Amino acid sequence: MRGRAVALGLRIAQTLPVLFGVVLISFLLTRALPGDPAAYFAGVMADAESIEATRVKLGLDKSLPEQFAIYVGDLFRGDLGRSVGTGRPVLTDLAERLPASLELTLSALLLSCLIAVPLGVWAAVRQGSWVDHLCRVLVTAGVSLPTFFTGVLLIYVFYYLLGWAPSPLGRLDFIYLPPPQVTGFYLIDSLLAGDAETFFAALRQLALPAATLALFTLAPIARMTRAAMLTALSSDYIRTARAAGLTPRKVLYGYAFRNALLPVVTTLGMVFSFVLGANVLVEKVFAWPGIGSYAVEALVASDYAAVQGFVLAMAVLFVILNLLIDLSYALIDPRIGFAGK
Amino acid sequence: MTDAPAPSHSNSARAHLVYVLRDNPVTLIAFALCAFFVLSALIGPYLVPHDPLATNAARALQPPSFDHWFGTDSLGRDVFSRVIVATRLDLTISVAAVALSFVIGAVLGAVAGYWGGWWDVVLNRIFDTIMAFPLFVLAMGIVAALGNTVENIIYATAIINIPFYARLVRAEVNIRREAGFAQAARLAGNSHLRVVAFHIFPNALPPMMVQVSLNLGWAILNAAGLSFIGLGVRPPTPEWGIMVAEGANFIVSGQWWVALFPGLWLMLAVFTFNLMGDGLRDLVDPRRRT
């Protein structure tokens, strides 16, 4: 148990160099590129005097290593700068909008896992059947779908033609009040408040954007599940398990699926990278008030501190997600103790 | 490798190509579609029935008709002409970006794989760090930092793709560094540079071509996504991503054609390159067939 804790600590320590690299790149993106960062940070409306004031305030008249030290120091104090657009600290803005993005991303991933994993398993078990072909078509078409286009199509079909979905504007229709904030996830908060009506209203708003993102992530997950299941099903221990007379159910779920799960979880790490990017596009299509649409607004307004804070926040989120995935390996496969890494 | 291949070899390669194409007609379709896109990029702008930039307020938001095959947008511009003309810009962005990352990735990967040591460690750390970002988000950050132009979309897309190529080349070069033919070439008096460039590197080309084809689709998606959120291409330039963005404003009132056709073309282009990548993989490495 002690060894395990040490290994866990080591794995967490391994993310530190990556985090350092992420911070360094995000620093370099602002300071070492052509153009005047002071002009960026001062905003579009700045005159020469306020640009100069910004330069001194940000320490841009110092050397690069000195600036980097100041930048890292600011980060440790949670200071990501001030957004020109909202006039508030970037960190406050991001923290306020992050739950909306997470709610969308996580429900999309949950939805896509619920569909893709059984589909992949089924396609592997019935290799060559119509399910397998359906899976293949879905996988090839799925990776070619531009998320923003799928979103627009879904709006057309489900909002305009069928009228099932509410208008694609944000997390909650304006006739409802947001539930009292506990987690920031409207679905959970409304349940905690015992407000079923708000829950279903939030769910209806969430359905289309989550489906859009889920369609996008379906392909890699289904593909990997199918491949991993095929490998597992053709291995010796499955033959042995079958020969020993275990029920097909036990063989499939207790043996094959459990072993196939590891590569599937690895794929999830890659899928997260796509999802966090696609999130930005989907949030713009559905006017979802998350950090993605915040970044898009900031980009259009050349609100540089906000964009930089967003890029850094996303990278940190991604590093943490990958860490969680690595840690979950140990739960799935007890043989992995991190010590060998 | 540099000698002219023996005729029998080229015959068997052709036979293999014919065999694979016959075995998998989908690949044939993909190549045909690819030819279609390349043709529309090359000569499309001279053939389209309307000027893609000509506005006509009297004919705004017309549904598809015989005169306007894909309808007209909010300014009365012909959607069909714009979709076809946009092909050139979209393909240029993705091909340029992929070419850039191909060249830079090949050089960096070869250096890391052949000389190893310090170079290898530093380059690998850099690639790791790039991959630690959600790639689309990093591209957004780069475009925001470099400035909002089409060239910078190309650079950003190239930068986020470099690690894929560099890693591939590094692995391919590294396993052949001490191979017999490489040592023989060195013994024959070739410089290290020559050995890497002309003896070892060509072996990495087949897997790289597969990567290129798979990457092209992704690069188009990436570029279109960036212009969808208002980066890079400026209106009124026709480009698929920006056209979908414009059309998205009218989809809630039922004018589906403004967004549908550019989106469909974008999807088809990405689909084509993905299929081609799968087909090329079958040609290059039959074992990895799925």
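The structure displayed is predicted, hence computed values, not measured ones. (Residues numbered from 1 in each chain as written. Chains lettered and ligands numbered in written order. Predicted model: local features only at pLDDT ≥ 70, side-chain atom pairs only at ≥ 80, totals over all residues.)

## Brief notes about the overall build of chain A
Counting secondary structure elements, chain A contains 13 helices and 0 strands. The secondary structure elements of chain A, listed N-terminal to C-terminal, are α-α-α-α-α-α-α-α-α-α-α-α-α. For the C-alpha atoms alone, the extent of chain A along its principal axes is close to 80 × 55 × 40 Å. (Helix = DSSP H or I, 4+ residues; strand = E, 2+ residues; numbered from the N terminus.)

## What to know about the overall build of chain B
Each helix and strand in chain B was counted, giving 11 helices and 0 strands. Starting at the N terminus and ending at the C terminus, chain B contains elements arranged as α-α-α-α-α-α-α-α-α-α-α. Seen through its principal axes, chain B has C-alpha atoms that stretch 75 × 45 × 35 Å. When contacts within chain B are restricted to residue pairs at least 6 apart in sequence, long-range pairs at least 24 apart make up 70% of them. (Contact = placed C-beta atoms within 7 Å.)

## Remarks on the UniProt feature "transmembrane region" (unreviewed entry) in chain A
Residues and elements named next belong to chain A. Per the UniProt entry, the sites bearing "transmembrane region" (unreviewed entry) are residues 12-33, 104-125, 137-162, 199-219, 260-282 and 310-332 in this numbering. Along residues 260-282 the backbone is 100% helical and 0% strand, and the end-to-end C-alpha distance reaches 31 Å. In this annotation, residues 310-332 is assigned 100% helix and 0% strand; the end-to-end C-alpha distance for the span is 33 Å. (UniProt positions renumbered as here; feature names shortened; annotations may be inferred.)

## Remarks on the packing of helix α3 (residues 79-114) of chain B against helix α4 (residues 117-131) of chain B
All names here are of chain B. Look at α3 against α4: their axes get within 7 Å of each other, and the N-to-C directions meet at 135°. Looking at the two axes, α3 sits oblique to α4. Every pair of crossing elements has a handedness; the one defined by α3 and α4 is left-handed. Across from Leu108, Val111 and Ala112 in α3, the residues of α4 making contact are Trp119, Asp120, Leu123 and Asn124. Its residues assigned to classes, the contact of α3 with α4 shows 5 nonpolar, 1 polar and 1 charged. (Axes fitted to C-alpha atoms, helices over the stretch in contact; angles between N-to-C directions. Parallel < 35°, antiparallel > 145°, perpendicular 65-115°, else oblique. Left-handed = near helix turned anticlockwise from the far one by under 90°. Nonpolar A, V, L, I, M, F, W, Y, C, P; charged D, E, K, R; others polar.)

## As for the UniProt feature "transmembrane region" (unreviewed entry) in chain B
Residue and element names in this part refer to chain B. Feature annotation in UniProt assigns "transmembrane region" (unreviewed entry) to the following positions: residues 26-48, 91-114, 126-147, 216-234 and 254-277. Helix makes up 82% of residues 126-147 and strand 0%, with an end-to-end C-alpha separation of 23 Å. Along residues 216-234, the helical share is 68% and the strand share 0%, with 22 Å between the first and last C-alpha atoms.

## Thoughts on the environment of Leu110 of chain A
Within the fold, Leu110 of chain A resides in helix α5 (residues 90-125). The exposed category is assigned to Leu110 of chain A, around which 11 C-beta atoms lie within 10 Å. (Buried ≥ 20, exposed ≤ 12 C-beta atoms within 10 Å, placed from the backbone.)

## Remarks on the UniProt feature "domain: ABC transmembrane type-1" (unreviewed entry) in chain B
The UniProt feature table records "domain: ABC transmembrane type-1" (unreviewed entry) at residues 87-277 of chain B. Each end of residues 87-277 of chain B is marked by a C-alpha atom, and these two atoms are 20 Å apart; helix forms 82% of the span and strand 0%.

## What about the interface of chain A and chain B?
Contact with chain A, which involves 40 residues of that partner, is made by 39 residues of chain B. When contributions to the side of chain A that touches chain B are tallied by element, the ones reaching two or more residues are α1 (2-31), α6 (130-144), α7 (147-161), α11 (248-285), α12 (291-300) and α13 (304-332) of chain A. Top element by residues in the side of chain A that touches chain B is α13 of chain A. It accounts for 8 residues. Per-class residue counts for the side of chain A that touches chain B are 31 nonpolar, 8 polar and 1 charged.

## Details of the domain arrangement of chain A
Many descriptions give the size of an interface as the accessible area lost when the pieces come together. Residues and elements named next belong to chain A. Under the domain assignment, chain A is made up of domain 1 (19-76) and domain 2 (93-332). Each of domain 1 and domain 2 was reduced to a C-alpha centroid, and the two centroids are 36 Å apart. Listed per partner, the contact involves 8 residues of domain 1 and 9 residues of domain 2. Only α1 and α2 (37-42) provide two or more residues apiece to the side of domain 1 that touches domain 2. Top element by residues in the side of domain 1 that touches domain 2 is α1. It accounts for 5 residues. Class assignment for the residues of the side of domain 1 that touches domain 2 results in 6 nonpolar, 2 polar and no charged. (Domains from an automatic or database assignment.)

## Re the confidence of the model for chain A
Regions with low pLDDT should not have their predicted coordinates read in detail. Averaged over chain A, the pLDDT score is 80; the fraction of residues at 70 or greater is 91%. The spread of mean pLDDT over the elements of chain A runs between α2 of chain A, the lowest at 67, and α5 of chain A, the highest at 88. (pLDDT = per-residue confidence, 0-100.)

## Some details on unusual backbone geometry
Residue and element names in this part refer to chain A. A positive phi is found at Ala287, a non-glycine position, where the angle reads about 50°. Looking at the element boundaries, Ala287 is found in the loop between α11 and α12. Classification of Ala287 by C-beta neighbours within 10 Å gives partly exposed; the count is 13.

## Points about α11 of chain A
All names here are of chain A. The end-to-end C-alpha separation of α11 is 45 Å, well short of the 56 Å expected for 38 residues at 1.5 Å each. Taken as a whole, α11 carries its principal kink of about 40° at Phe257. Backbone geometry just after α11 places Ala287 at a positive phi near 50°. (Expected span 1.5 Å × (residues − 1). Bend = angle between axes of the 7 residues up to and from the residue.)

## Considerations on the nonpolar core
Membership of the largest hydrophobic core comes to 173 residues, with the highest contact counts inside it found for Val152, Ala295 and Phe310 of chain A together with Ala139, Met140 and Val244 of chain B. Considering each element in turn, this core owes the most residues, 18 residues, to helix α9 (residues 196-233) of chain A. When residues are assigned to domains, this core turns out to be shared by domain 1 (19-76) and domain 2 (93-332) of chain A, each giving three or more. Leave out the neighbours within four places in its chain, and Met140 of chain B touches Ala295, Leu299 and Val311 of chain A together with Leu226 and Leu231 of chain B. (Core = buried A, V, L, I, M, F, W, Y, C linked by C-beta atoms within 7 Å.)

## Topic: helix α5 (residues 135-146) of chain B
Helical geometry note: an α-helix holds 3.6 residues per turn, so side chains three or four residues apart project in the same direction. Residues and elements named next belong to chain B. Counted at 1.5 Å a residue, the expected span for α5 with its 12 residues is 16 Å, and the 16 Å between its end C-alpha atoms agrees. A large share of α5 lies buried, amounting to 11 of its 12 residues. Those residues of α5 that fall on the buried side of the exposure criterion are Leu135, Phe136, Val137, Leu138, Ala139, Met140, Gly141, Ile142, Val143, Ala144 and Ala145. Immediately beyond the C-terminal end of α5, within one or two residues, lies Gly147, with a positive phi of roughly 120°.

## Regarding the environment of Val122 of chain B
Its place among the elements puts Val122 of chain B in helix α4. Separated by 10 residues in the primary sequence, Val122 of chain B and Ala112 of chain B place their C-alpha atoms 8.9 Å from one another.

## A short note on the packing of α11 of chain A against α13 of chain A
All names here are of chain A. Two elements in contact, α11 and α13, have axes separated by 10 Å at closest approach and are oriented at 170°. Comparing their axes, α13 and α11 come out roughly antiparallel. Across the interface between the two elements, Leu261, Leu262, Val265, Leu268, Gly269, Phe272, Ser273 and Leu276 from α11 touch Met314, Leu317, Phe318, Leu321, Asn322, Ile325, Ser328, Tyr329 and Ile332 from α13. Its residues placed into classes, the contact of α11 with α13 shows 13 nonpolar, 4 polar and no charged.

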